[in-house]
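# Report on the structure
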Amino acid sequence: MERNLLCLGLVEGWYGWQSELDRRGCMNGAPVNSPSPRRRVLLVDDSGVVRAAVGAALREAGYEVDDAEDGARAQSLLQTGSYDVVITDLQMPGVDGFGVLEGVKRRDPTGEVVVFTGTYADDSESIIRALRLGASDFLVKTACGPQQVVWSAERAVERSMP
């Protein structure tokens, strides 16, 4: 249980607990007490710490998670697989999160995309742009932790179900 709380809680901020996540085994991408996967999620972020923490929370909630370190890798995965939800950062090298969002919506206008970013937190133009492009949600890394991302993914999955 201690391992789950550390992986799911925002203990010292996203970047302050990378070594602790690694020490506890959360950085290896392995499920933490996860039930059978029920939905597929693509998690896109250039930070390995964020991918590990959010990925662990999603796996704990029963999601099957693929991750990508940038938008170009995400686009490649989107061409070969289908996902119930895409969770993406906005600022990444190469193809940014807006490019990921546009790519998802081009392939499937009903595709669910959650934006999870820190860089554009105070930029109302970016928030409006993401929502106009069809983002399901816009979450700010400094204001929420991995569990809030899971809740947002759950809401997105519910909206996509017939």
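The next subject is the packing of helix α4 (residues 71-80) against helix α5 (residues 97-107). Viewed as axis vectors pointing N to C, α4 and α5 meet at an angle of 15°, and their least axial separation amounts to 9 Å. Here α4 is positioned roughly parallel relative to α5, judged by the angle of their axes. In this structure, α4 meets α5 at a crossing whose hand is right-handed. Together, G71, A74, Q75, L78 and Q79 of α4 and G99, V100, V104 and R107 of α5 make up the contact between the two elements.

A separate point is the environment of A56. Note on placement: A56 falls in helix α3 (residues 48-60). Considering only alpha carbons, one finds A56 and Q147, 91 residues apart in sequence, at a separation of 9.9 Å.

The subject of this paragraph is the sheet that holds strand β3 (residues 85-88). In spatial order, the strands read β2-β1-β3-β4-β5; together these five strands make up an open sheet with parallel pairing. Looking at the sheet topology across the chains shown, the edges are occupied by β2 (64-68) and β5 (137-140). When the angles between neighbouring strand axes are averaged without regard to direction, this sheet yields 20°. Strand contacts of α5: β3 and β4 (112-117), with the helix running at about 165° to β3, the strand carrying the most contacts.

With that out of the way, let us pick up α5. With respect to burial, α5 is a largely interior element, eight of its 11 residues being buried. Every buried residue of α5 is accounted for by G97, F98, G99, V100, L101, G103, V104 and K105. Looking at the buried side of α5, the elements it contacts are α4, β3, β4 and α6 (124-132). In this structure D96 caps α5, since a side-chain oxygen of it lies 3.1 Å from the backbone nitrogen of F98.

Rules of the game
- Here, residues in each chain are numbered from 1, in the same order as that chain's written sequence.
- Confidence filtering applies because this is a predicted model: local features only for residues at pLDDT of at least 70, side-chain atom pairs given and counted only at 80 or more, and all residues used for totals across whole chains, interfaces and linings.
- The basis for every side-chain value is the complete set of heavy atoms in the structure, and neither hydrogens nor water enter the calculation.
- Here the axes come from fitting lines to C-alpha atoms, over the contacting stretch only for helices, and the angles between their N-to-C directions go from 0 to 180 degrees.
- A run of H or I in DSSP becomes a helix once it reaches four residues, and a run of E becomes a strand once it reaches two; helices and strands are each numbered from the N terminus.
- The scheme is simple: roughly parallel for angles under 35 degrees, roughly antiparallel for over 145, roughly perpendicular for 65 to 115, oblique for anything else.
- Should the near helix be turned anticlockwise from the far one by less than a right angle, the crossing is termed left-handed; should it be turned clockwise, right-handed.
- Two residues form a contact once any of their heavy atoms are found within 4.5 Å.
- Two strands qualify as a pair provided DSSP detects at least 2 bridges between them.
- Summary of the burial criterion: residues with accessible area below 20% of their type's maximum are buried, those above 50% are exposed, and those between are partly exposed, where the area comes from a 1.4 Å probe applied to protein chains only.
- Counted as a polar contact is a pair of N or O atoms within 3.5 Å, where, for protein atoms, one must be capable of donating a hydrogen and the other of accepting one, and residues adjacent in sequence contribute only when both atoms are in side chains.

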